[in-house]
Amino acid sequence: MSTGASIATPGGTGWQPRVAAMGPVLLVIGWELAARLLTDAHVLAAPSAILLYLYENAGLMSRALGVTLTNAAVGFVLGNTAAIALAALVAIWPASERTVRGFALLIFCLPLVATGPILRVIFGPGPWPQIVLAALAVYYTTFVPLLVGLRALPSNWLDLVSSYGRGRLAALVHVRARAAIPYLVAGLQISAPAAFLGAMVGEFTGAERGMGVLTIRAMRGMNVEMTWALALVATAVSVGWYVAIGAVAKRFLEDEPPVILAAPNSETSGGGWRRTVVQLVFVSLMVLIAWWGFLKVLGLNPFFAKGPLDVIQAVTTASDAATNRDTLLTALAETSVYLVPGYIAGLTVGAMLAMLVVMVPMIAGTALPVAIALRSVPIITTAPLIVLLLGRGAAGTIVLVAVMVFFPTFVACLHGLKQAPGRITDVFDVFAAGPLQKLVRIRIPAMLPALFAAAKINVPASVLAVTVVEWLATGNGLGSVMALSASLSDYDMLWSAVALVAILSVLGYGAVGLLERRVLGIYAPEQLK
Amino acid sequence: MSVPVTCTAASKTYPGGLTAVSPVNISLAPGATTALVGPSGCGKSTLLRMIAGLEEPSTGTITIDGLPPSEISRRGDLSIAFQDPSLLPWRSVRKNIELALDLARRPKVTQDIDELIQLVGLDGFADTKPAELSGGMRQRAAIARALATKPALLLLDEPFGAVDELTRQQLAEDLPAIWEAGDTTTLLVTHSVSEAVMLSDRILVLSPRPATIAADIKIDLPRPRRSEFARLPEFSAHVDEVFAFLSQGVPGSRAKAAQ
């Protein structure tokens, strides 16, 4: 192996592990000192103060954690079951793939901040809105790796099944299901923090108990210790859950869970523009019918359950249509001002830092596992902290979006940069090419697919981040419009905002996808099959 | 029970216009072993896959015992072994063999499976996972899996192609006797001429793509074949004959890269 990773063997030289262990200790000491120096600023809580708070409020915190964790766990099970069922459906009936994927993406793009209040009026006060939000937050991150995993097998295995005259169901049962398990584990790992995040966002939108409720209370009361303690507990639980799944999987699987970055290119893809447009129209129609049917089947009160026609009327023919349009467009403009710079900054910093790390082989070996673990931090739950640190202005929001985008991008790019096949780097070594040459000529092209994969999945993620901050803190933009219309029972506006955000997210995802095809067509055509 | 195979004007053209196989007429006698030899990429594997029912011929028909291949597959009477042993890594040798019986909806008789494992020379490795086996042993397991259902038609796509020369000779000496003992029509794709002469009753030499039949050679060496046959003059004569047909229409300068 000629990749840099092999050089940095842990424990290789003796002093390295000691330095590695010193890092967190120094960090905590620095944190403590900084907090003590900045007591008057009311932004930073010292580790000692956080621990003290946790000790004094152990009962309150553990009850809240218990509630949130239960909701998250139920949502986790439901969402992942749905993901497995959808992936199995695609495996058995490939013709359904485009439609299933279109639906799955669209539902993933629904802004949790607005679906929360809608679910609240549907389900009433109980835990179900939180559970459904947790399920909505996880199913896509499991569905996508499963789609990859159900296909990541040699074609001979499928030929073997066919040669005994058996069909797709037998292939799924005997071959694909087991082959996909490492990919399922990868999906479950990522969905663990997402479930916690979904449950907390659900609690933001009007629950009675749980970590989300306490977070709101801490923010309103400007309680710095409490805010930090909550963010810390949420992070610890998410990382713990992530690590636990990995540990359980490691006991039963020989192969490491793969790093999955994005949805695979469809097996039924291709067929040119016309077919794509027809399919797009078909999926859109199906979505509208499903939306309308969903409301009808549940028999929901038309006062708060608005169908597609209501939304279209609200922004076209209704008496207040002009005001509605104006409100939405103003909010959209406000949101974009935060969203776009944050998104671009997150992508850029993630990619640049990954390249930098790869140039320094000493760090590269340890950076990837650390970065993967950091990806499990539920960034949204740290939103109150960033608002504390950077204020309620543009800076806080942009930084939060950037941080949200940064982690997945960094992990994906680091992984992509390491994908450069060893033999090609050997060829470059033979010509005594320097690290910069290798970076530019091998590694960056190898990284591009990963970068685009991250860019796609980060479209809905960054929308989630920006709307949550607007909702919780800044009080403008689409997040605020959604929160406001929820509390004013302006359901026309709420559903319109949901539709607008979902459509724009899907379009953003599609636009990045188109850009991806153009760029990869030049630099990595083999990735497009 | 062995079955005859008939290809009538069967051809394969892929979408995009690449013709892999020109219309061919082939008739395989029940119980015989036939080898398909030809230059790399000539379409011999495509022909085999069409007979296996894994690909549909673009024109013409293929019948096995008078029925379409899919019908024979559904009866579980057809087996295929690939160049890559294609064992499922999470299943032991025994479980991989049982997979074939499950897929063919046949009963799993432990004693039969043990016997088969012994026959292919994997005694003591029944509960070993493929990753812990050598390349040659994996190929033995793959052959055992293909034979487990006692197929009427056995299709072998370069079954010994992925191992080193010594192992290859050893496999070619040990394994064919097992399927020859049964009543099986066998079709073997190979690019080793001596292996084709050693194993088969008949050799079909294919031309470069699109494949047509360049020669149909009968091999009348006695059975069972033994490795020392390779030194017989009639063996060398057959090898030379096949090479002569192979080199026709293959200009030396256009030697294609190995697959």
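Values in this document were obtained by computation on a predicted structure and should not be read as measured data. (Residues numbered from 1 in each chain as written. Chains lettered and ligands numbered in written order. Predicted model: local features only at pLDDT ≥ 70, side-chain atom pairs only at ≥ 80, totals over all residues. Heavy atoms only, no water.)

Engineer: Lay out the overall build of chain B with the relevant residues and their values.
Structural biologist: Looking only at helices and strands, one finds nine helices and nine strands in chain B. By the compact-globule yardstick of 18 Å for 259 residues, chain B fits well, its C-alpha radius of gyration being 18 Å. For chain B, the spread of C-alpha atoms along the three principal axes comes to 50 × 40 × 35 Å. In chain B, the share of contacts with a sequence separation of at least 24, taken over all contacts with a separation of at least 6, comes to 69%. Of the side chains in chain B, 26 bear a positive and 30 a negative charge, and the two mean positions are spaced by 5 Å. (Helix = DSSP H or I, 4+ residues; strand = E, 2+ residues; numbered from the N terminus. Rg over C-alpha atoms; globule rule 2.2 N^0.38 Å. Contact = heavy atoms within 4.5 Å. Lys, Arg positive; Asp, Glu negative; His and termini not counted. Charge placed at Lys NZ, Arg CZ, Asp CG, Glu CD.)

Engineer: Can you tell me about the sheet that holds strand β5 (residues 78-81) of chain B, naming the residues and giving the values?
Structural biologist: All names here are of chain B. Judged by pairing direction, the sheet is mixed, and its six strands sit side by side in the order β5-β6-β7-β3-β8-β9 without closing on themselves. Of all the strands in the sheet, the pair left with one neighbour each is β5 and β9 (213-218). With direction set aside, neighbouring strand axes in the sheet form an average angle of 15°. In the sheet, strand β8 (residues 202-206) pairs with β9 via five bridges, with the strands oriented antiparallel. Note that in β9 the partner of Ile203 across the bridge is Ile217. (Pairing = 2+ DSSP bridges. Axes fitted to C-alpha atoms, helices over the stretch in contact; angles between N-to-C directions.)

Engineer: An account of the nonpolar core is needed here, citing residue identities and associated values.
Structural biologist: Note on soluble globular proteins: their nonpolar side chains tend to be buried together. Membership of the largest hydrophobic core comes to 136 residues, with the highest contact counts inside it found for Tyr140, Phe143, Phe196, Phe204, Met211, Trp228 and Leu472 of chain A. Top element by residues in this core is helix α19 (residues 435-474) of chain A. It accounts for 17 residues. With near-sequence residues (within four places) excluded, Met211 of chain A lies in contact with Ala64, Leu65, Thr68, Phe196, Met200, Glu203, Leu230, Val233 and Ala234 of chain A. Membership of the second largest hydrophobic core comes to 48 residues, among which are Ile97, Leu101, Ala146 and Leu175 of chain B. (Core = buried A, V, L, I, M, F, W, Y, C linked by side-chain atoms within 4.5 Å. Buried < 20%, exposed > 50% of the residue type's maximum accessible area, 1.4 Å probe, protein only.)

Engineer: Report on a nonpolar patch on the surface, specifying residues and quantitative values.
Structural biologist: All names here are of chain A. Taken together, the side chains of Leu89, Ile92, Trp93, Leu169 and Val173 define a hydrophobic patch exposed on the protein surface, amounting to about 480 Å² of accessible area. Counting only elements with at least two residues in the nonpolar patch, the list comes to α3 (58-92) and α8 (168-179). Within the secondary structure, Ile92 is located in helix α3. (Patch = residues over 30% accessible without salt bridge, like charges linked within 9 Å, V, L, I, M, F, W, Y side chains within 5 Å. Areas by Shrake-Rupley, 256 points an atom, 1.4 Å probe, with all protein chains shown as cover. Salt bridge = Lys/Arg side-chain N within 4 Å of Asp/Glu carboxyl O.)

Engineer: Could you give me a rundown of the environment of Ala412 of chain A, with the residues and numbers involved?
Structural biologist: All names here are of chain A. In this fold, Ala412 is placed in helix α17 (residues 394-417). Assessed through its relative accessible area of 3%, Ala412 is described here as buried. Along the primary structure Ala412 and Phe76 are separated by 336 residues, whereas in three dimensions their C-alpha atoms are 24 Å apart.

Engineer: Account for the pattern of salt bridges, with residues named and values stated.
Structural biologist: All names here are of chain B. Overall, the coordinates contain 20 salt bridges over all chains when judged by the stated rule. The salt bridge partner of Arg74 is Glu71, with a shortest N-O separation of 3.8 Å. Here Arg74 pairs with Glu71, and both are found in helix α2 (residues 69-74), just three residues apart, close to one helical turn. In this structure, a network of salt bridges that share partners links the residues Glu180, Asp201, Arg223 and Arg225.

Engineer: Break down the environment of Ile29 of chain A for me, with residues and values.
Structural biologist: All names here are of chain A. Secondary-structure assignment places Ile29 in helix α1 (residues 15-37). Using a relative accessible area of 45% as the deciding quantity, one classes Ile29 as partly exposed. Along the backbone, Ile29 and Val185 are 156 residues apart, and their C-alpha atoms lie at a distance of 36 Å.

Engineer: If you had to explain the sheet that holds strand β2 (residues 19-28) of chain B to someone new, which residues and values would you point to?
Structural biologist: Residue and element names in this part refer to chain B. The strand order across the open sheet formed by three strands is β2-β1-β4, and the pairing between neighbours is antiparallel. With partners counted over all chains shown, the strands left at the sheet margins are β2 and β4 (59-64), one partner each. Across the sheet, the mean angle separating the axes of adjacent strands is 20° when strand polarity is ignored. When strand β1 (residues 5-13) meets β2, the two strands line up antiparallel, connected through six bridges. Within the sheet, the bridge partner assigned to Lys12 lies in β2 and is Val21. Docked against the sheet, helix α1 (residues 44-51) engages β1, β2 and β4, running at close to 55° with respect to β2.

Engineer: Describe the confidence of the model for chain A, with residues and values.
Structural biologist: All names here are of chain A. Confidence in the prediction for chain A averages 81 pLDDT; 85% of positions are at 70 or higher. Put simply, helix α15 (residues 361-374) is where chain A has its lowest mean pLDDT, 66, and α3 is where it has its highest, 94. Scored below 50 in pLDDT, residues 1-14 makes 17 contacts in the model with residues more than four places away or belonging to other chains. Contacts of residues 266-270 to residues separated by more than four positions or lying in other chains number twelve contacts, the stretch itself having pLDDT below 50. (pLDDT = per-residue confidence, 0-100.)

Engineer: How would you summarise the interface of chain B and chain A if you had to cite specific residues and measurements?
Structural biologist: The interface of chain B with chain A comprises 25 residues on the first partner and 16 residues on the second. At the boundary of chain B with chain A, total buried surface from both sides reaches about 1,800 Å², with 62% on carbon and sulfur atoms. Counting across the chain B and chain A interface gives one salt bridge. The salt bridge partner of Asp159 of chain A is Arg49 of chain B, with a shortest N-O separation of 2.6 Å. At the boundary of chain B and chain A, one finds five residue pairs in polar contact (both at pLDDT 80 or more). (Buried area = accessible area lost by both parts, 1.4 Å probe. Polar contact = N/O pair within 3.5 Å; in protein donor to acceptor, adjacent residues only side chain to side chain.)

Engineer: Describe the packing of helix α4 (residues 97-108) of chain A against helix α6 (residues 128-149) of chain A, naming the residues involved and giving the relevant values.
Structural biologist: If you want to describe how two helices pack, look at the angle between their axes and the distance between the axes. Residues and elements named next belong to chain A. Contact geometry for α4 and α6: axes closest at 9 Å, N-to-C directions at 145°. Viewed along their axes, α4 and α6 form a crossing whose handedness is left-handed. Of the residues in α6, those touching α4 at Val100, Arg101, Phe103, Ala104, Leu105, Ile107 and Phe108 are Leu136, Ala137, Tyr139, Tyr140, Phe143 and Leu147. Here the contact of α4 with α6 is built from residues that sort into twelve nonpolar, no polar and one charged. (Left-handed = near helix turned anticlockwise from the far one by under 90°. Nonpolar A, V, L, I, M, F, W, Y, C, P; charged D, E, K, R; others polar.)

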